[in-house]
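Chain and residue survey
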Amino acid sequence: MHERHWQKSSFSGDQANCVEVRAGATLVEVRESDDGDVILHTTPAAFADLLGTIKAGKLDHHA
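The present account deals with the structure reproduced in this document. Keep in mind that what you see is a predicted model, and the values were worked out from it rather than measured.

Per the counting criterion, the structure on display carries two salt bridges. A salt bridge links Arg31 to Glu20, with the shortest nitrogen-to-oxygen separation between them at 2.7 Å. Separated by 11 residues along the polypeptide, Arg31 in strand 3 (residues 28-32) and Glu20 in strand 2 (residues 19-23) bring together distant segments of the chain. Note on Glu20: relative accessible area 13%, which makes it buried.

What follows is the structure in C-alpha cells.
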C-alpha cells in the first residue's frame, strides 16, 4: 500500500490538523496529518458507507 500517496481534502488548505486518506483496490487507510503513526485500515465499501453517512448529516449531533 505504501506506493500510494496520502491525500487530504482541498478544504484543509495549509492546515496541519486534517484527515488524510490513501486508497487501494482492497484497502483504505485513514490518518490524522499531525499523528501519522496512527492509521485506521478499512475496506473501500465501509469507507464509502462512512462518507455517505457523514454527507447525509447523520453524525452532526456528535459535533
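Alignment of strand 3 against strand 4 (residues 35-42), held across five bridges, turns out to be antiparallel. Directly across from Val28, in strand 4, lies its bridge partner Thr42. Hairpin geometry of strand 3 and strand 4 is characterised by an intervening segment of two residues between the two adjacent antiparallel strands.

Our next topic: the pairing of strand 3. Relative to strand 3, strand 2 runs antiparallel, the two sharing five bridges. Within strand 3, the position partnered with Val19 by the bridge is Glu32. With antiparallel pairing between neighbouring strands as the criterion, strand 2 and strand 3 make up a hairpin whose turn holds four residues.

Moving on, we get to the sheet that holds strand 2. What links the strands of a sheet is backbone hydrogen bonding, and the strands pair in either a parallel or an antiparallel sense. What the four strands build is an open sheet, ordered 1-2-3-4; its pairing is antiparallel. Every interior strand has two partners, whereas the edge strands, strand 1 (7-8) and strand 4, have only one.

The rules behind each value
- Residues numbered from 1 in each chain as written.
- Predicted model: local features only at pLDDT ≥ 70, side-chain atom pairs only at ≥ 80, totals over all residues.
- Heavy atoms only, no water.
- Salt bridge = Lys/Arg side-chain N within 4 Å of Asp/Glu carboxyl O.
- Helix = DSSP H or I, 4+ residues; strand = E, 2+ residues; numbered from the N terminus.
- Buried < 20%, exposed > 50% of the residue type's maximum accessible area, 1.4 Å probe, protein only.
- Pairing = 2+ DSSP bridges.

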